[in-house]
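Take a look at the letters that make up each chain.
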Amino acid sequence: MKTLDLIDSFSEFKEFKNIDRETLMHILEEVFRAALSKRYGTEDNFDIIVNIDKGDLEIYRNRIIVEDGEVNDENLEIAYSDAIKIESDFEVGEELSEPIYMNDFGRREILAIRQNLVSKIQDYEKSLIFQKYKEKVGEIIIGEVYQPWNKEVLILDEEKIELTLPKSEQIPTDRFRKGDTVRAVVQKVEMRNTNPVITLSRTSPIFLERLLESEVPEIYDGLITIRHIVRIPGERAKVAVESYDDRIDPVGSCVGIKGARIHGIVRELRNENIDVINYTQRLDVLVQRALAPAKIASLKVDEEAKKVDVYMDPDQVSLAIGKGGCNIKLASKLVGYEIEVYRNGDEDIDDVDLKDFSDEIEQWIIDVLIRIGCDTAKSVLALSREDLINRTDLEEETIDEVIRILKSEFEDEPEEEEMEEEEEEYENEADEPATEE
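First, a word on what this report is: a plain description of the structure on this page.

### Considering the packing of helix H5 (residues 205-215) against helix H8 (residues 260-268)
Part 1 of the argument: Put simply, H5 and H8 touch, their axes get as near as 10 Å, and they point 145 degrees apart. Remark: the crossing between H5 and H8 carries right-handed chirality. For the pair H5 and H8, the contacting residues are Phe207, Leu208, Leu211, Leu212 and Glu215 in the first and Arg261, Ile262, Ile265 and Glu268 in the second.
Part 2 of the argument: The class makeup of the residues in the contact of H5 with H8 is six nonpolar, no polar and three charged.

Take a look at the structure:
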């Protein structure tokens, strides 16, 4: 049997693709059996012996010896006269094994065998990658930015496997350059056109959950349970935690001494504000904690509509709603109820509802002001110009025009009184007789 130089031909796949010895032997045998089946019509009567260490591959064809002239299938049977040429003591009915040399294969067959081998190894590698990351869904991985694009970032892990971080899964303030180290959670793994596609995420609540587990030993050990996480990536997050051991303060453990534990997570999330809340099954208490730092005066729960009406002092409304409605949105998601905030009924009776200014102020501007908790004219005027700009993200000219319109509503009456007083003074002066000096 002529020895095949398998070390030169195939060992590079083992080293470069990191395929174990047994798997490579199995792939080689499978590839050659496919070639034999194509050439001879079947591969059942062939023995293939692969020795990766020595670089040997041996192929033997097994045929039954039959009487001369009774050969029906040359691949399965051999005539007695041909068999004794190989070895003189053969008899009819015995099995003859003879080697198959690579010289027996044509040039095209050899090329097809190599191409098939490359394809099999690539498919095996892809399946390995798919299975490996399928088991890592929900885990944090660390990679290096290979190529940042507008819609996604290509990341390589320590084994140079390609990972994808789409723009939609990036924190809005994320800015990556080639060579940067990135931490993200494996969100999903799927096969597209026989290629594994691994998608990462930095906006998923699971990413924050895994970061907390890595920074807070009590969570990792199961002493503290994360009940729920809601996020607006890059802006704010609320985490409800619970401890079954009364001796452990879940909030204090997560935050750490002087915020030592939470600060590292905040930096990783691009300064995202994280509110850690002690979970409770009492809805009223949970709503109060979720809306912090605002203080609630009273609340009313509608179980059927899954809605909570919250009443609070006017100066607490803007705190409860937060910038752009961020705080109340997260609080609603956290408790699982829609939260509506109302002012207590002790407001100024001379105040005017913002909706009454729809003929002077565009409706979308009114809606923006209502979302930050300003539903009356005086509630808007109670905030400074800078505060209004920061909370609403409206143009400065728009804010100035709104303030002018609202102020004019309360300045009309004094101006009319002043004009009446001036007219009376003028009439009195006109009635007085003129005196000569």
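### Digging into the pairing of strand E9 (residues 195-201)
Part 1 of the argument: With six of seven residues buried, E9 lies mostly within the body of the structure.
Part 2 of the argument: The pairing of strand E8 (residues 181-192) with E9 spans seven bridges and is antiparallel. Bridging from a neighbouring strand, Val189 pairs with Ile198 of E9.

### Describing the sheet that holds strand E14 (residues 307-312)
Part 1 of the argument: Strand order in the open sheet made by the three strands is E13-E14-E15, with mixed pairing throughout. Here the strands that pair on one side only, and so sit at the sheet edges, are strand E13 (298-302) and strand E15 (338-343). Neighbour to neighbour, the strand axes of the sheet diverge by 20 degrees on average, direction disregarded.
Part 2 of the argument: Direction of pairing for E14 relative to E15: parallel, over a ladder of six bridges. Bridge pairing in E15 links Lys307 to Glu338.
Part 3 of the argument: Set on the sheet, helix H9 (residues 283-290) makes contact with E13, E14 and E15; between it and E13 the angle comes to about 120 degrees.

### Quick notes on the pattern of salt bridges
Part 1 of the argument: Applying the stated criterion across every chain, the model contains 27 salt bridges.
Part 2 of the argument: Arg210 is the salt-bridge partner of Glu209, the closest N and O atoms lying 3.5 Å from each other.
Part 3 of the argument: Where Arg227 meets Glu242, a salt bridge forms, and the shortest distance between an N and an O atom there is 2.5 Å. Note that Arg227 is positioned in strand E10 (residues 224-232) and Glu242 in strand E11 (residues 236-243), a separation of 15 residues in sequence.
Part 4 of the argument: The class of Arg227 is partly exposed, set by a relative accessible area of 36%.
Part 5 of the argument: Classification of Glu242 as buried rests on a relative accessible area of 16%.
Part 6 of the argument: Residues participating in the shared-partner salt-bridge network are Asp174, Arg183, Arg202, Glu268 and Arg270.

Parameters and conventions
Residues numbered from 1 in each chain as written. Predicted model: local features only at pLDDT ≥ 70, side-chain atom pairs only at ≥ 80, totals over all residues. Heavy atoms only, no water. Axes fitted to C-alpha atoms, helices over the stretch in contact; angles between N-to-C directions. Helix = DSSP H or I, 4+ residues; strand = E, 2+ residues; numbered from the N terminus. Left-handed = near helix turned anticlockwise from the far one by under 90°. Contact = heavy atoms within 4.5 Å. Nonpolar A, V, L, I, M, F, W, Y, C, P; charged D, E, K, R; others polar. Buried < 20%, exposed > 50% of the residue type's maximum accessible area, 1.4 Å probe, protein only. Pairing = 2+ DSSP bridges. Salt bridge = Lys/Arg side-chain N within 4 Å of Asp/Glu carboxyl O.

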